[in-house]
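Chain by chain, the residues run as shown.
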Amino acid sequence: MLTKSFYALKRQASAGVDGVTWKEYESLLPARIPKLHREIHTGAHRALPSWRVFIPKADGRQRPLGIASVEDKVVQQAVNTVLSAIYEEGSLGFSYGFRQGRGQHDALDALTEAIRWRMVNWILDADIQSFFDELDHDWTMRFLEHRVADRRTLQLILRWLKAGVIENGKRLPSLKGTPQGAVVTPLTQKVMLAASPAWR
């Protein structure tokens with residue numbers, strides 16, 4: 001699973017705070033994967049902080065992105081694959097957010113069909129402001145614990161949430177939120193959507 005997760009990553013993505021690129025990590029893969037597997041199972045794996053970069057938004061503001069190390073991305077991808085299968089079972093047919101094989105175009109197609117063939121009186125378009133920036137760590141973990149019993153998995157996710165970011169050469173703690181751009185980010189949103197039927 002870890003090897004497969006590595007090859008699922010974008011090969012040209014920027015390096016994290018350790019400076020290791022996808023290509024450099026590939027050369028270490030045969031020796032590193034067994035050690036990484038052992039670290040995960042013994043609870044010795046430690047998440048590195050994300051490298052914070054800013055990209056411009058259409059409205060002139062800056063969107064903060066967090067670039068995780070390749071190794072953290074590998075483990076996040078593996079955990080995301082396993083937990084996506086768990087949360088997929090509880091997802092409703094009209095839910096399109098962060099699901100494999102579904103996207104915004106599928107949601108728009110479904111909405112078009114609904115408008116065409118059913119009586120529709122109103123459409124609500126809503127956005128949760130600064131969702132990823134304001135995500136409460138304690139509530140996220142409580143929601144996860146409803147479906148996930150494995151303490152190692154829960155500990156990994158908590159470490160990612162608390163790993164912090166490196167910005168302008170300084171490490172900043174993570175008291176809330178999750179860095180956008182990380183593999184674990186869609187997982188946290190999927191957990192919150194599955195936990196709250198009102199958000200579906």
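Our structure's up above, just so we're on the same page.
Residues numbered from 1 in each chain as written. Predicted model: local features only at pLDDT ≥ 70, side-chain atom pairs only at ≥ 80, totals over all residues. Heavy atoms only, no water.

Draft legend 1. A look at the packing of aromatic side chains. Summed over the entire model, instances satisfying the criterion amount to five aromatic pairs. Between Phe 6 and Trp 22, the aromatic rings sit 4.5 Å apart at their centres with planes inclined by 10°, giving stacked as the arrangement. With Phe 6 in helix H1 (residues 2–8) and Trp 22 in helix H2 (residues 22–42), this residue pair connects regions lying 16 residues apart in the sequence. For the pair Phe 6 and Trp 22, a shared accessibility class is recorded, and that class is buried. Between the aromatic rings of Phe 6 and Tyr 25, the centroid separation amounts to 5.6 Å while the plane-to-plane angle is 40°, which identifies the pairing as tilted. With Phe 6 in helix H1 and Tyr 25 in helix H2, this residue pair connects regions lying 19 residues apart in the sequence. Exposure class is identical for Phe 6 and Tyr 25. Each is buried. (Phe/Tyr/Trp six-rings, centres within 6.5 Å; stacked < 30°, edge-to-face > 60°. Helix = DSSP H or I, 4+ residues; strand = E, 2+ residues; numbered from the N terminus. Buried < 20%, exposed > 50% of the residue type's maximum accessible area, 1.4 Å probe, protein only.)

Draft legend 2. Inspection of unusual backbone geometry at higher detail. Positive phi, normally seen in glycine, also occurs at Asn 168, with a value near 55°. Mapped onto the elements of the fold, Asn 168 is located in the loop between strand E3 (165–167) and strand E4 (170–172). With relative accessibility at 75%, the residue Asn 168 sits in the exposed group.

Draft legend 3. Looking closely at the pattern of salt bridges. On inspection of all chains with the given rule, the structure shows eight salt bridges. One connected set of salt bridges, linked through shared partners, spans Arg 32, Glu 39 and Glu 71. (Salt bridge = Lys/Arg side-chain N within 4 Å of Asp/Glu carboxyl O.)

Draft legend 4. Summary view of a nonpolar patch on the surface. A surface patch of nonpolar side chains, amounting to about 430 Å² of accessible area, comprises Leu 108, Leu 111, Ile 115, Val 120 and Ile 123. Take Ile 123: it is sitting in the loop between helix H4 (104–117) and helix H5 (131–134). (Patch = residues over 30% accessible without salt bridge, like charges linked within 9 Å, V, L, I, M, F, W, Y side chains within 5 Å. Areas by Shrake-Rupley, 256 points an atom, 1.4 Å probe, with all protein chains shown as cover.)

Draft legend 5. Structural context of the sheet that holds strand E2 (residues 62–67). Ordered by their spatial adjacency, four strands build an open sheet running E2-E1-E3-E4, and the pairing between neighbours is mixed. In the strand order of this sheet, the two ends are held by E2 and E4, each with one partner. For this sheet the average axis-to-axis angle between neighbouring strands, irrespective of direction, equals 45°. (Pairing = 2+ DSSP bridges. Axes fitted to C-alpha atoms, helices over the stretch in contact; angles between N-to-C directions.)

Draft legend 6. A look at the pairing of strand E1 (residues 50–56). Sheet topology places E1 next to E3; two bridges connect them, and they run parallel. Paired with Ser 50 across the bridge in E3 is Val 165. Two elements, E1 and E2, share six bridges in a ladder whose sense is antiparallel. Counterpart to Pro 56 in the pairing with E2 is Gln 62. Counted along the chain from E1 to the antiparallel partner E2, the turn is five residues long, and its residue Gly 60 has a positive phi close to 95°.

Draft legend 7. Spotlight on the nonpolar core. Counting 26 residues, the largest nonpolar core has Phe 6, Leu 36, Leu 144 and Ile 157 as the members making the most contacts within it. Counting residues per element, the ones that place at least two in this core are H1, H2, helix H3 (70–89), helix H6 (137–147) and helix H7 (151–162). For this core, the leading source of residues is H3, giving seven residues. (Core = buried A, V, L, I, M, F, W, Y, C linked by side-chain atoms within 4.5 Å.)

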